[in-house]
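This is what each chain is made of:
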Amino acid sequence: MEYRFLGNSGLKVSVVCLGAMTFTEKGWRSAGKMDFKEIQRVVDYALDHGVNFFDTADIYAFGESEELLAKALGKKVNDVIIATKVRGVMSDDPNDRGLSRYHIFKSVDASLKRLNRDYIDLYQLHWWDNYTPIEETLQALEDLVRQGKVRYVGISDFAGWQIAKSVMIQRCKDYSPFISAQMYYSLLGRDIEFEVVPACKDLGLGVLAWSPLAGGFLSGKYTKDNPFPEDSRYSRMERPFLRFDFEKAYFLLDELRKIAEKYNTSVAQVSLNWVKSKGFISSIIIGVRSLEQLKDNLGIVNWDLKEEDIQYLDEITEPEKPYPQWFLDMFAHL
Ligand SMILES: NC(=O)c1ccc[n+]([C@@H]2O[C@H](COP(=O)([O-])OP(=O)(O)OC[C@H]3O[C@@H](n4cnc5c(N)ncnc54)[C@H](OP(=O)(O)O)[C@@H]3O)[C@@H](O)[C@H]2O)c1
């Protein structure tokens, strides 16, 4: 296993992180449901193969994902790095959501109980809250760090300016800074390269890539002739959560198949290896529904894509530059 520093911190995380969103399906999004025996096999295999980093969230099945993760880790629950999140809607109570001091304090205790832990290694703001002053949120996080309930703090799904504003406040107030940004990143979703990645590089946050297979699409099991394979994520979910151009995506899959054949590997491994090749990535948060999928995906730790293949994939998936990026790039040399 390869370990990378989590942003500008001394914490080393496995380059593959196991996401626990697919463990259970209760909630607003049916990403998956796994039998507990299979969850146990998946977690054990991950531990045996050097995975030291696990991601979950309070809203994944209203806490059930945190509970199942802790149950599967058993006695090893304190030997690994666990990341969880706060922000989502947990009930009809108007205060049971968002990033207020009230909700954060209540949520951290609930997550600690479900995780069977005294502290959370990485506590992440799941996404920006338009209604709570960010100063209130940052003060609450700092208090949790000082109380020892939280070791490191990070964000998820923030815009570049939201990251920059938050970190500058943390610096001015001498608070513990965000060390990570958990963001959607895959061959079909490279938007973060324009604003978020430059902000992270400048401010010392490591990027944690979520849905690196675009919810399974980039595993190669989807084809034009069979767009919704039986019992796959895209056939189960009511609407695609991630947006991309299906025509372009099928072309990409054809090219990925050719590359996979060349390396005698799976399409999923080529897709994940491309994410791994990016220096700003601290860890790739994979989601699986079976031990078989985990075994396949963990294969990426044993090999790297050649530079020419990385470049080719970069070229054929290059997103159109939004303004002011094209302007800044055009005149950067002056
Ligand atoms: N911060 C956020 O907003 C956010 C949002 C989403 C996810 N996340 C995190 O990211 C983690 C991963 O997200 P994700 O589950 O969407 O990741 P993903 O890797 O893009 O998709 C995982 C899905 O792909 C399919 N799959 C995986 N490996 C495969 C293989 N080798 N062959 C064939 N199919 C394969 C499985 O679906 P099927 O078998 O059902 O087809 C699996 O559930 C989550 O657990 C969560 O921790 C965070």
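Before any of the text, the structure's been laid out above.
Residues numbered from 1 in each chain as written. Predicted model: local features only at pLDDT ≥ 70, side-chain atom pairs only at ≥ 80, totals over all residues.

Engineer: Can you walk me through the overall build of the chain in this structure?
Structural biologist: A tally of regular secondary structure across the chain gives 12 helices and 10 strands. Computed over the C-alpha atoms, the radius of gyration of the chain is 20 Å, within 12% of the 20 Å expected from 2.2 N^0.38 for a compact globule of 334 residues. Counting only C-alpha atoms and orienting by the principal axes, one finds that the chain spans roughly 60 × 55 × 35 Å. The buried share among the 334 residues of the chain stands at 42%. Pairs at least 24 residues apart make up 77% of the contacts formed inside the chain by residues separated by at least 6 positions. (Helix = DSSP H or I, 4+ residues; strand = E, 2+ residues; numbered from the N terminus. Rg over C-alpha atoms; globule rule 2.2 N^0.38 Å. Buried ≥ 20, exposed ≤ 12 C-beta atoms within 10 Å, placed from the backbone. Contact = placed C-beta atoms within 7 Å.)

Engineer: In this structure, what is going on with the site of the ligand? I would like to understand it.
Structural biologist: The immediate surroundings of the ligand are formed by 30 residues, with Gly19, Met21, Gly216, Ser219 and Gly287 found nearest. Broken down by secondary-structure element, the contributors of at least two residues to the shell around the ligand are β10 (281–286) and α10 (291–298). No other element matches α10, which puts 3 residues into the shell around the ligand. Split by residue class, the shell around the ligand holds 11 nonpolar, 13 polar and 6 charged. (Near = placed C-beta within 6 Å. Nonpolar A, V, L, I, M, F, W, Y, C, P; charged D, E, K, R; others polar.)

Engineer: Is there a simple way to explain the pairing of strand β6 (residues 120–125) in this structure?
Structural biologist: Within a regular beta strand, the side chains point alternately toward one face of the sheet and then the other, so they alternate between its two faces. Burial analysis of β6 places 6 of its 6 residues in the buried class, the great majority of the element. One ladder, built from 4 bridges, connects strand β5 (residues 81–86) with β6; its direction is parallel. Within β6, the position partnered with Val86 by the bridge is Leu125. A crossover links β5 with its parallel partner β6, the connecting element being helix α3 (residues 101–115), and its sense is right-handed. Across 5 bridges, the pairing between β6 and strand β7 (residues 150–156) is parallel. Within β7, the position partnered with Tyr123 by the bridge is Val153. (Pairing = 2+ DSSP bridges. Right-handed = clockwise from strand over helix to strand, strands pointing away.)

Engineer: Just checking my understanding: could you explain α3 for this structure?
Structural biologist: At 3.6 residues per turn, the α-helix brings residues three or four places apart onto the same side. Here α3 is 15 residues long and its end C-alpha atoms lie 21 Å apart, about the 21 Å a rise of 1.5 Å per residue gives. Those residues of α3 lying buried are His103, Ile104, Ser107, Val108, Ser111, Arg114 and Leu115. All buried residues of α3 project into a common sector of 130° when viewed along the axis, lining one side. Looking at the buried side of α3, the elements it contacts are α2 (64–73), β5, β6, α4 (134–147) and β7. (Expected span 1.5 Å × (residues − 1). Arc of directions from axis to C-beta.)

Engineer: Got a minute to help me understand the environment of Asp304 in this structure?
Structural biologist: Of note, Asp304 is situated in the loop between α10 and α11 (307–316). Under the C-beta neighbour-count criterion, Asp304 is labelled partly exposed, with 14 such atoms within 10 Å. Remark: the alpha-carbon pair of Asp304 and Ser277, spanning 27 residues in sequence, is separated by 7.5 Å. Beyond its immediate sequence surroundings of up to four residues, Asp304 is in contact with Asn273 and Ser277.

Engineer: Help me understand the packing of helix α1 (residues 36–48) against α2, please; the structure alone is not making it clear to me.
Structural biologist: In a pair of packed helices, the angle between the axes and the distance between the axes together describe the arrangement. Here α1 crosses α2 at 60°, and the two axes come no closer than 9 Å. By the angle between their directions, the pair α1 and α2 is classed as oblique. Here α1 and α2 pass one another in a crossing that is right-handed. Seen from α1, the contacting residues are Phe36, Ile39, Gln40 and Val43; seen from α2, they are Leu68, Ala72 and Leu73. (Axes fitted to C-alpha atoms, helices over the stretch in contact; angles between N-to-C directions. Parallel < 35°, antiparallel > 145°, perpendicular 65-115°, else oblique. Left-handed = near helix turned anticlockwise from the far one by under 90°.)

Engineer: What should I look at first to understand the pairing of strand β8 (residues 178–184) in this one?
Structural biologist: Of all 7 residues in β8, 7 are buried, a share of seventy percent or more. With helix α5 (residues 160–173) bridging β7 and its parallel neighbour β8, the resulting β-α-β unit is right-handed. Relative to strand β9 (residues 206–210), β8 is paired through 5 bridges, and the arrangement is parallel. Following the sheet pairing, Tyr184 is matched in β9 by Trp210. For the segment spanning β8, helix α6 (residues 196–203) and β9, crossover handedness is right-handed.

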